[in-house]
Amino acid sequence: MKVETIELPKKYHGAVEHWRRHNFKDYELLMDDWEKYFPTDEKFCLCAKMEVGTPDVIQIGEQKGEKKRIKPDELTENQAMHLLAIIKAQASTEFGSIQQHSGTLDRAMDDQDRAWVMRVMAEELRHGYQMLHLLLSEDWSHVSGGITGEQMVEEILSMTTGSHVLDSFNLDYDSFVDNVTFAAIIDRVGKYQLTMQKVCAYKPMADSMPPMLREEAFHLAAGVIPMRRWAQKAAQGDPLISMHMMQDSLNKWVPRGLEMFGDECGGHTNLKYGFKDLSNRAAVEQYYVAITKMTRDIYARFLRARFPDYSPEKIETTLRELESTRGTHHGVAFADLLRVPDKRFFRRKGEHAFLMVGIDGETFEDAEQYLHYLAKHLNDGYIASRDMRNYADCLRKVAAGEMTRDQAVKAMPKLKRVGGSCPCSRSVRWVMEEANGEQQTVAVRNH
Ligand SMILES: [Fe+2]
Ligand SMILES: [Fe+2]
């Protein structure tokens, strides 16, 4: 593999560095300790990385067999608009996840786990930088509605938790359990998106994918490895971590992860345009199988730690027995293990939006009953959040017939910070954006 590295023009490189000083305060610490935690890995570099030697020919869609596009104006106008939205959303997620991680990073119980998450944050910064490179290195003005590259960068760097494009990046973490679960569950969605985009008919996008994917593999490990260790500790009776805590976090993130693929019925435009090689449903199905396998591997470790004398065969039989009977085995109940919630659980987008379905597929008729159920299966910090209140308001209206499910999908308001691209700008305003595009000011800060 051969990679070309590119630095953004000074002004934009500086803007990302500035953003990083506000949103990722311990970056310098990570750089100082890099050799200690990652002695065999190349040191982090804030730059765009383009894979060299990828296919030149479009692999899928209506233009299959033609030469890949290397400039936005070689795409049709619709293609260019569509791809611009993908790149902007991708950039927003990369920067957004750094803001989320930084909220609870210092609460890590273990220095190594903390260092691993910091490396994830640095690499997300690079991924965001990579997307800015795609926006700035070519002219998108014919499809950006007159918005310049500089304005697009300003817009992306001014987003905060609450105003990002995708819901998963608008939820605060409630504890370090979320840092880890997010890496295992949400970064895995990223892995699928990047893998699908390896075929992208726009070559600079396709060339961006392999280096990002290699880093994404580390992000998954930063999630799965602590989860495995926690499961073993929980099995040994550690009072400070439990399967229950991990389950609550899965319940929070899995539904959002499933929604990141887009509506189950959609994704065909991406196939037609040659931007991705799977429809949303095909991708989400593969993802669901992968997270189910990952979760089973974690609870198998729980069982092995609880019954160290069991042979691997006996562990497997015990697992099967617990899964089929949903009963108990020498004090370990099926409910004590981890499980991936039903695809319809706690959804607010896609074909299962605002249905009232439990983790195991049980259905509810009454909104209050369902909200009580959710309150039992999510962590307290999250239950008491604005996000949950907005969800509950919409759910109640849907259940009462005052709103259709479709309207509810669009009605989840977003918080947006306007006025100044940088947290040190002198005056900012937060607005709540309603489904109809109207804005309502909810907070103002003046210096
Ligand atoms: Fe990323
Ligand atoms: Fe990632």
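Structure: above.
For every chain, the first residue of the written sequence is number 1, and numbering continues from 1 onward in sequence order. Labels are handed out in written order, letters beginning with A for the chains and numbers beginning with 1 for the ligands. In view of the model being predicted, local features appear only for residues whose pLDDT reaches at least 70, and side-chain atom pairs are presented and counted only at 80 or more, with totals across whole chains, interfaces and linings using the full set of residues. Hydrogens are left out, water is left out, and the side-chain values use all remaining heavy atoms of the structure.

## What about the environment of T93?
No. 1: The topology assignment puts T93 in helix α3 (residues 77–104).
No. 2: Expressed as a C-alpha distance, the spacing of T93 and G190, which sit 97 residues apart in the sequence, is 9.4 Å.
No. 3: Between two residues, a contact is recorded if the distance between any of their heavy atoms is within 4.5 Å. Other than its neighbours up to four places away in sequence, T93 contacts L166 and F169.
No. 4: Polar contact is the term for a pair of N or O atoms within 3.5 Å; when the atoms are in protein, one must be able to donate a hydrogen and the other to accept it, and sequence-neighboring residues count only if both atoms are side-chain atoms. Polar contacts involving the side chain of T93 include one to the main-chain carbonyl oxygen of Q90, which spans 2.6 Å. Only DSSP runs of H or I with at least four residues qualify as helices, and only runs of E with at least two residues qualify as strands; both kinds are numbered from the N terminus onward.

## Points about the coordination of the iron ion (ligand 1)
No. 1: The protein atoms that coordinate the iron ion (ligand 1) are E94 (OE), E124 (OE) and H127 (ND1), at distances of 2.0 to 2.2 Å.
No. 2: Taken in sequence order, the residues that donate to the iron ion (ligand 1) follow the motif E-x29-E-x2-H.
No. 3: Between the two metals, the iron ion (ligand 1) and the iron ion (ligand 2), the spacing is 3.5 Å, and E124 donates to both. Placement of E94 in helix α3 and of H127 in helix α4 (residues 111–136) is noted, with a sequence separation of 33 residues between them. Donor atoms are limited to N, O and S found within 2.8 Å of the metal ion, a distance that becomes 3.2 Å for Na, K and Ca. With water left out, some sites might look partial.

## Side note on the packing of aromatic side chains
No. 1: Working definition: a ring pair exists when centres of Phe, Tyr or Trp rings (six-membered ring for Trp) sit within 6.5 Å. Plane angles under 30 degrees give stacked, over 60 give edge-to-face, the rest tilted. Inspection of every chain in the model, using the stated rule, returns 23 aromatic pairs.
No. 2: Seen from their ring centres, W140 and Y202 are 5.5 Å apart, and the 65° between their planes marks the pair as edge-to-face. In this pair, W140 is assigned in the loop between α4 and α5 (149–157) and Y202 in the loop between α6 (176–196) and α7 (203–235), connecting sequence segments 62 residues apart. The pair formed by W140 and Y202 is uniform in burial state, with each residue classed as buried.
No. 3: By the ring-pair criterion, three or more aromatic residues cluster together here, those being W34, Y37, F38, W116 and F218.
No. 4: Placement of a positive charge over a ring is assigned whenever Lys NZ or Arg CZ falls within 6 Å of the ring centre and within 35 degrees of the normal to the ring plane. Geometry around Y382 places K252 over its ring, the cationic atom sitting 4.8 Å from the centre. We call a residue buried when its accessible area falls under 20% of the maximum for its residue type, exposed when it is over 50%, and partly exposed in between, using a 1.4 Å probe and counting protein chains only.

## Re the packing of α4 against α7
No. 1: Across the interface, α4 lies against α7 with an axial gap of 10 Å and an inter-helix angle of 160°. Between α4 and α7, the interaxial angle falls into the category roughly antiparallel. For the pair α4 and α7, the sense of crossing is left-handed.
No. 2: By residue class, the composition of the contact of α4 with α7 is 15 nonpolar, four polar and eight charged. Comment: axis = line fitted to C-alpha atoms, over the contacting stretch for helices; angle = value between 0 and 180 degrees taken between N-to-C directions. Note that the term roughly parallel is reserved for angles under 35 degrees, roughly antiparallel for angles over 145, roughly perpendicular for angles of 65 to 115, and oblique for everything else. Crossings are sorted by hand: turned counterclockwise from the far helix by less than a right angle, the near helix makes the crossing left-handed, and turned clockwise it makes it right-handed. Classes in brief: Ala, Val, Leu, Ile, Met, Phe, Trp, Tyr, Cys and Pro nonpolar; Asp, Glu, Lys and Arg charged; the others, Gly included, polar.

## Re the pattern of salt bridges
No. 1: One speaks of a salt bridge when a side-chain nitrogen belonging to Lys or Arg is within 4 Å of a carboxyl oxygen belonging to Asp or Glu. Within this structure, the stated rule accounts for 33 salt bridges.
No. 2: A salt bridge links E28 to R20, with the shortest nitrogen-to-oxygen separation between them at 3.3 Å.
No. 3: Assessed through its relative accessible area of 45%, E28 is described here as partly exposed.
No. 4: The buried category is assigned to R20, whose relative accessible area is 6%.
No. 5: Where E155 meets K88, a salt bridge forms, and the shortest distance between an N and an O atom there is 3.9 Å. Placement of the pair is E155 in helix α5 and K88 in helix α3, with a sequence separation of 67 residues.
No. 6: One network of salt bridges, with partners in common, ties together R256, E259, E264 and R347.

## What about the coordination of the iron ion (ligand 2)?
Tetrahedral coordination by four donors places them ideally at 109.5 degrees to one another around the metal; octahedral coordination by six donors ideally gives 90 or 180 degrees.
No. 1: The protein atoms that coordinate the iron ion (ligand 2) are E124 (OE), D187 (OD), E216 (OE) and H219 (ND1), at distances spanning 1.9 to 2.1 Å.
No. 2: A site with four donors is called tetrahedral when every donor-metal-donor angle falls between 85 and 135 degrees; four donors are called square planar, and six octahedral, when opposite donors sit more than 155 degrees apart and all other angles fall between 65 and 115; any other arrangement is irregular. Around the iron ion (ligand 2) sit four donor atoms, and with donor-metal-donor angles ranging over 87 to 172° the site reads as irregular.
No. 3: Read in sequence order, the donor residues for the iron ion (ligand 2) give the motif E-x62-D-x28-E-x2-H.
No. 4: Assessed through its relative accessible area of 4%, D187 is described here as buried.

## Considerations on the layout of surface pockets
No. 1: Using a grid of 1 Å spacing that covers the protein atoms alone, one calls a set of points a cavity when a 1.4 Å probe fits there but cannot get out, and a pocket when the set is open and has protein on both sides within 12 Å along at least five of seven lines; lining residues are those with an atom within 4 Å of a point. Grid points are joined across faces, edges and corners, and a volume is the space filled by probe spheres set on the points. In this structure, the largest pocket encloses a volume near 870 Å³.
No. 2: In terms of lining residues, the largest pocket is bounded by 36 residues, among which A89, L166, Q193, M260 and G262 are the most central.
No. 3: Looking at the lining of the largest pocket, the elements with two or more residues in it are α3, α6, α8 (243–259) and α9 (268–273).
No. 4: For the lining of the largest pocket, the residue count by class is eleven nonpolar, 14 polar and eleven charged.

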